[in-house]
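Each chain, written out:
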Amino acid sequence: MAATRAGPRAREIFTSLEYGPVPESHACALAWLDTQDRCLGHYVNGKWLKPEHRNSVPCQDPITGENLASCLQAQAEDVAAAVEAARMAFKGWSAHPGVVRAQHLTRLAEVIQKHQRLLWTLESLVTGRAVREVRDGDVQLAQQLLHYHAIQASTQEEALAGWEPMGVIGLILPPTFSFLEMMWRICPALAVGCTVVALVPPASPAPLLLAQLAGELGPFPGILNVLSGPASLVPILASQPGIRKVAFCGAPEEGRALRRSLAGECAELGLALGTESLLLLTDTADVDSAVEGVVDAAWSDRGPGGLRLLIQESVWDEAMRRLQERMGRLRSGRGLDGAVDMGARGAAACDLVQRFVREAQSQGAQVFQAGDVPSERPFYPPTLVSNLPPASPCAQVEAPSLVGGPWRAEPPGHPLQVPWPVVVASPFRTAKEALLVANGTPRGGSASVWSERLGQALELGYGLQVGTVWINAHGLRDPSVPTGGCKESGCSWHGGPDGLYEYLRPSGTPARLSCLSKNLNYDTFGLAVPSTLPAGPEIGPSPAPPYGLFVGGRFQAPGARSSRPIRDSSGNLHGYVAEGGAKDIRGAVEAAHQAFPGWAGQSPGARAALLWALAAALERRKSTLASRLERQGAELKAAEAEVELSARRLRAWGARVQAQGHTLQVAGLRGPVLRLREPLGVLAVVCPDEWPLLAFVSLLAPALAYGNTVVMVPSAACPLLALEVCQDMATVFPAGLANVVTGDRDHLTRCLALHQDVQAMWYFGSAQGSQFVEWASAGNLKPVWASRGCPRAWDQEAEGAGPELGLRVARTKALWLPMGD
Amino acid sequence: MSAHNRGTELDLSWISKIQVNHPAVLRRAEQIQARRTVKKEWQAAWLLKAVTFIDLTTLSGDDTSSNIQRLCYKAKYPIREDLLKALNMHDKGITTAAVCVYPARVCDAVKALKAAGCNIPVASVAAGFPAGQTHLKTRLEEIRLAVEDGATEIDVVINRSLVLTGQWEALYDEIRQFRKACGEAHLKTILATGELGTLTNVYKASMIAMMAGSDFIKTSTGKETVNATFPVAIVMLRAIRDFFWKTGNKEELGDEWLKPELFRIGASTLLSDIERQIYHHVTGRYAAYHDLPMS
């Protein structure tokens with residue numbers, strides 16, 4: 001018999017049946033760090049960049065505290081160098097046909113496959129996450145992402161005709177995200193022809209390794225550049241002149257600050273904020289499976305954040321018992337151990353959760369902790385918090401001080417995010433109440449619904465205001481399914497077609513330029529309305545133009561009870577329109593909100609029928625409209641053409657909205673994923689001065705067709721045409737669908753942009769107004785579309801009715817429906 | 001041997017609301033397989049533990065007293081003595097949990113085990129095994145005869161048609177009668193989950209079987225096209241836990257359940273796989289087939 005290798009302990013284990021360590025060797029990760037002499041720089045233009053005289057930050061094993069390497073901190077000049085490299089690379093990369101980019105992405109996927117052990121051990125070693133999740137989840141998904149986007153790149157010329165890549169993308173990642181978050185964003189960007197500069201927090205080597213693997217592939221070294229540096233570099237990177245878009249993921253408050261600081265700057269901004277998720281457990285659910293869903297969401301190192309758990313009151317006791325029993329069997333330990341559910345995430349995450357739990361306890365919440373968890377820092381046990389009502393002060397962060405007057409862009413206080421690995425459970429009574437509670441937060445990330453009743457599950461799935469809903473599952477992801485959010489989770493998308501459009505812009509449109517005006521005073525912009533005096537008697541055109549604000553389906557007198565004169569092209573007084581103000585905007589938004597559920601619930605066919613009815617009414621009113629346009633200086637022929645084109649736009653959008661949303665088939669999942677296109681809610685539109693009829697209708701038509709209700713500020717030069725259309729809308733539409741407020745453009749813009757309950761805003765006007773709208777939108781992070789003073793050819797199909805409008809007018813929701821019996 | 005499960009009155013409210021979500025259980029099954037591994041000494045100890053859960057079984061038409069005898073010796077000495085010595089486990093009395101045979105072979109097995117000088121229980125399949133499609137009267141008689149021959153554990157199959165048509169009271173009554181026919185012998189109820197249609201039915205059948213007084217519930221006969229699978233095991237374990245919660249027993253399905261009195265594995269080829277693993281653990285080499293005695 002050969003020499004025995006058995007240890008002495010088998011006897012005891014036979015009795016105790018405990019688990020032992022299953023360590024994954026991380027020798028290759030250390031060996032890779034050795035190739036860099038344990039000093040990591042940045043990876044720029046296919047080379048390691050290790051400039052001298054830079055501060056360095058230690059990269060530590062979050063569990064042992066052992067120093068693994070030191071990481072150089074980038075400075076502004078390193079950022080400039082990386083952006084320059086990406087800009088140079090963009091020229092070649094975007095000029096190649098999609099097939100070439102597809103090949104390159106496929107080769108990168110193959111390289112990752114060949115070196116996956118290095119990638120997963122390095123990631124698990126440095127982040128402390130369970131290696132199983134990185135190995136079986138993240139690394140596999142990273143390869144799938146590259147393959148999926150390679151296919152998209154190869155068909156780009158046909159499938160995405162009419163769109164071109166934006167340019168250099170600045171990607172900003174927060175400390176708690178895995179390298180996979182970077183992959184979700186760089187894959188679509190690279191696929192469509194953009195190049196990337198990623199700013200990762202100090203001491204995150206996995207993105208650097210990925211950049212090295214990509215860079216060593218050869219012909220396109222500068223397409224992916226990775227810098228590591230402190231958060232103070234974020235505004236520097238974002239305001240680099242070469243950067244066309246900033247994709248930011250991180251905390252909501254940082255996103256808000258970045259939104260403000262980028263107002264008027266050259267770069268566009270895509271935000272993905274917050275990490276919290278939601279789980280709805282109804283009384284028809286398979287409770288044990290739902291408990292596993294909670295484990296997937298919060299206690300398996302899959303999701304980055306905590307979970308809000310809503311449990312129907314009738315199964316509360318049963319669910320809590322099962323949950324607590326399950327928690328007792330969770331194991332936590334070193335991430336590189338193959339048999340743990342949860343790793344640890346370093347001291348900062350540990351401090352955060354300790355603070356949250358202490359706060360919650362002091363507010364009277366019950367805290368339950370269990371599991372096989374090492375007692376020393378930075379391990380933290382799975383935690384279940386209950387009895388924390390939404391109104392308790394713990395659920396709100398401190399309101400920022402009220403200095404700055406009533407026009408601050410900062411709303412007072414946001415619910416605190418639930419941190420990893422905490423689950424906050426609260427009860428609900430009915431499905432209706434569940435929707436109210438679930439939607440009653442500013443967050444709109446992801447949620448799962450657990451119910452065995454199909455009707456109830458779909459009701460909740462459609463009703464939740466979030467980007468992703470899983471029915472009877474949690475945390476599934478696939479490259480072909482768009483993932484994103486709404487409300488204050490930010491409205492950027494990755495994955496699927498939506499992820500591609502994030503990095504595309506319509507071909508041929510002029511490059512987005514900076515419209516930054518340093519001396520724009522946000523506190524006073526549009527605050528006061530210049531007083532208007534009578535400008536003489538109206539020389540009555542016949543019939544007399546309608547007077548009043550069109551709110552809630554009828555013409556109303558303005559709150560200010562004053563009017564402003566409108567002059568025609570030759571300077572004569574054309575008529576008076578009502579002078580709308582803050583209170584009128586408030587009333588209009590309320591009316592739009594009241595009309596919204598009914599309108600959004602209509603079928604696309606029913607909505608199209610009403611748009612067609614409006615088109616017919618416009619045609620009947622053609623001579624009046626044409627004569628009004630003539631008074632604005634248009635030739636009769638052109639005026640008539642504008643009226644006809646307006647009617648056509650209404651019909652076209654009515655028809656187009658019939659085919660929206662579709663079903664996706666996902667690898668490894670039985671059952672469909674629905675990609676829904678849902679209305680945004682109440683959309684505020686400030687119309688351009690030019691094309692007083694056509695622009696108004698071109699913006700109104702898609703907004704209504706997709707089920708939004710609108711508050712519109714018509715052309716300041718000639719609002720009368722919009723008011724003429726309102727006369728028809730009063731008879732054709734239900735009350736409140738479209739509300740038109742005339743008045744001082746800057747003042748109304750200010751009121752709308754700062755309104756917390758307006759879900760999106762389109763602004764076509766001055767550069768200053770655009771800058772203000774972008775700045776003010778930080779309040780509720782509403783998506784904004786601002787023209788920045790650039791005129792638009794509304795009579796051209798591409799600019800007046802192009803796919804860009806269809807994209808901006810609705811938001812995507814992915815609804816996962818796994819099947820099986 | 002532990003005490004019998006006395007069962008409870010039939011309470012259909014325990015199963016009326018239950019819903020098992022199939023895709024979710026499949027995902028859980030995949031996770032379990034990826035999340036808990038044991039290595040080195042832990043692996044060896046766990047494998048030896050698994051040996052003590054095995055119902056070492058032969059259920060073939062060509063069973064005779066000679067291969068039954070061989071099986072019984074293997075049950076007594078499941079792992080080579082020198083391997084156990086190397087692990088310092090030779091004095092732990094490691095045997096399989098039981099020997100399981102057809103009713104006609106029970107006498108052979110009892111005799112062989114007696115000759116081997118050990119008190120491993122003999123389990124007999126019964127009640128129209130494997131399909132259960134015989135008259136209730138003959139099924140009950142089969143149980144009584146097997147007990148008379150010396151079987152101390154009876155593996156009955158349930159009447160699948162009662163499950164598929166939702167006749168839960170009738171199923172309860174049948175198993176109750178099996179229970180009575182077993183007398184002092186343990187009643188092990190095989191659900192034949194591959195033929196129950198849904199996981200929800202698996203849960204309900206498990207619950208009924210336990211209410212009716214089964215000491216064990218088993219997944220499958222080995223004769224269906226689909227036999228023991230992870231998802232089915234998960235559902236049955238959840239049902240067992242719920243049954244014990246409902247009957248006021250505070251035990252949870254944790255380590256306390258891992259003893260041969262409460263947990264069994266009905267797989268016979270598993271034993272040779274385990275022995276090979278132990279061989280590798282002790283020697284660092286992979287065994288040839290002839291290195292390990294056959295059963």
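Please refer to the structure higher up on the page.
Calculation criteria
Residues numbered from 1 in each chain as written. Chains lettered and ligands numbered in written order. Predicted model: local features only at pLDDT ≥ 70, side-chain atom pairs only at ≥ 80, totals over all residues. Heavy atoms only, no water. Buried < 20%, exposed > 50% of the residue type's maximum accessible area, 1.4 Å probe, protein only. Helix = DSSP H or I, 4+ residues; strand = E, 2+ residues; numbered from the N terminus. Pairing = 2+ DSSP bridges. Salt bridge = Lys/Arg side-chain N within 4 Å of Asp/Glu carboxyl O. Contact = heavy atoms within 4.5 Å. Buried area = accessible area lost by both parts, 1.4 Å probe. Nonpolar A, V, L, I, M, F, W, Y, C, P; charged D, E, K, R; others polar. Axes fitted to C-alpha atoms, helices over the stretch in contact; angles between N-to-C directions. Phe/Tyr/Trp six-rings, centres within 6.5 Å; stacked < 30°, edge-to-face > 60°.

Colleague: Any details on the pairing of strand β25 (residues 573–578) of chain A? Residues and values, ideally.
Modeller: All names here are of chain A. For β25, a buried count of six out of six residues is recorded, marking the element as mostly surrounded by other parts of the structure. Judged from the five bridges that link them, strand β24 (residues 563–567) and β25 form a sheet pairing that is antiparallel. Its bridge partner lying in β25, R567 is registered against L573. Where β24 hands over to β25, the hairpin turn is made up of five residues, of which G571 adopts a positive phi near 90°.

Colleague: Describe the pattern of salt bridges, with residues and values.
Modeller: Counting across every chain of the model gives 67 salt bridges over all chains. A salt bridge links R651 of chain A to E619 of chain A; the nearest nitrogen and oxygen atoms lie 3.3 Å apart. Separated by 32 residues along the polypeptide, R651 of chain A in helix α21 (residues 636–656) and E619 of chain A in helix α19 (residues 604–620) bring together distant segments of the chain. Given a relative accessible area of 24%, R651 of chain A falls into the partly exposed group. Linking K218 of chain B and D55 of chain B is a salt bridge whose minimum nitrogen-to-oxygen distance equals 2.9 Å. With K218 of chain B in strand β6 (residues 216–218) and D55 of chain B in strand β1 (residues 55–57), the pair connects residues that are 163 residues apart, well separated along the chain. Note on K218 of chain B: relative accessible area 13%, which makes it buried.

Colleague: How would you explain the interface of chain B and chain A if you had to name every residue and give the values?
Modeller: Facing the 48 residues of chain B at the interface are 52 residues of chain A. Summing both partners gives a buried area of about 4,600 Å² for chain B against chain A, and 54% of it is carried by carbon and sulfur. On the chain B side of the contact with chain A, R35, R36 and W42 of chain B bury the most area, a combined 17% of that side's loss. Linking chain B with chain A are seven salt bridges, by the criterion used here. When the shortest N-O distance is used, the salt bridge between R11 of chain A and D91 of chain B registers 2.7 Å. Sorting the residues of the side of chain B that touches chain A by element identifies α2 (22–35), α3 (40–51), α5 (81–86), α11 (230–246) and α12 (269–283) of chain B as the ones contributing at least two each. Of the residues forming the side of chain B that touches chain A, the biggest block, nine residues, is contributed by α2 of chain B. The residue makeup of the side of chain B that touches chain A, split by class, is 18 nonpolar, 13 polar and 17 charged.

Colleague: Outline the side chain of Q312 of chain A, supporting the account with residue identities and numerical values.
Modeller: Residue and element names in this part refer to chain A. Within the secondary structure layout, Q312 lies in strand β13 (residues 307–312). By relative accessible area, Q312 is classed as buried at 7%. Apart from the residues lying within four places of it in its own chain, the contact partners of Q312 are L281, T282, D283, F428, R429 and T430.

Colleague: Lay out the sheet that holds β13 of chain A in plain terms, naming residues and giving numbers.
Modeller: Residue and element names in this part refer to chain A. The mixed open sheet is built from 10 strands, whose spatial order is β14-β15-β16-β13-β12-β17-β18-β33-β27-β26. Of all the strands in the sheet, just β14 (366–369) and β26 (662–665) have a single pairing partner and so form its edges. Direction aside, the axes of adjacent strands within the sheet are offset by 20° on average. Taken together, the five bridges between strand β12 (residues 277–281) and β13 define a ladder with parallel strand orientation. Across the sheet, S277 pairs through a bridge with L307, a residue of β13. Packing of helix α13 (residues 316–327) onto the sheet brings it into contact with β12, β13, β14, β15 (383–386) and β16 (422–428), and relative to β15 it is tilted by some 160°. The sheet strands contacting helix α16 (residues 454–463) are β12, β17 (446–450), β18 (468–471), β27 (672–679) and β33 (810–816), and the helix crosses β33 at an angle near 150°.

Colleague: Residue-level account of the sheet that holds strand β2 (residues 98–101) of chain B, with values.
Modeller: Residue and element names in this part refer to chain B. Spatial ordering of the open sheet is given by β1-β2-β3-β4-β5-β6, a layout of six strands whose pairing is parallel. Strands with a single pairing partner mark the edges of an open sheet, and in this sheet they are β1 and β6. Each neighbouring strand pair of the sheet contributes to a mean axis angle of 30°, computed without reference to strand direction. Direction of pairing for β2 relative to strand β3 (residues 122–126): parallel, over a ladder of three bridges. Residue V99 lies in a different strand from β3, and its bridge partner there is V122.

Colleague: Could you give an account of the packing of aromatic side chains, with specific residues and numbers?
Modeller: The description of two aromatic rings rests on the distance between their centres and on the angle between their planes. All names here are of chain A. Tallying each qualifying case throughout the model produces 18 aromatic pairs over all chains. Aromatic side chains W653 and Y706 sit 6.3 Å apart centroid to centroid with 65° between the ring planes, which places their arrangement in the edge-to-face category. In this pair, W653 is assigned in helix α21 and Y706 in the loop between α22 (694–705) and β29 (709–713), connecting sequence segments 53 residues apart. When the ring of F772 is compared with that of W775, the centres are 5.8 Å apart and the planes differ by 40°; the resulting orientation is tilted.

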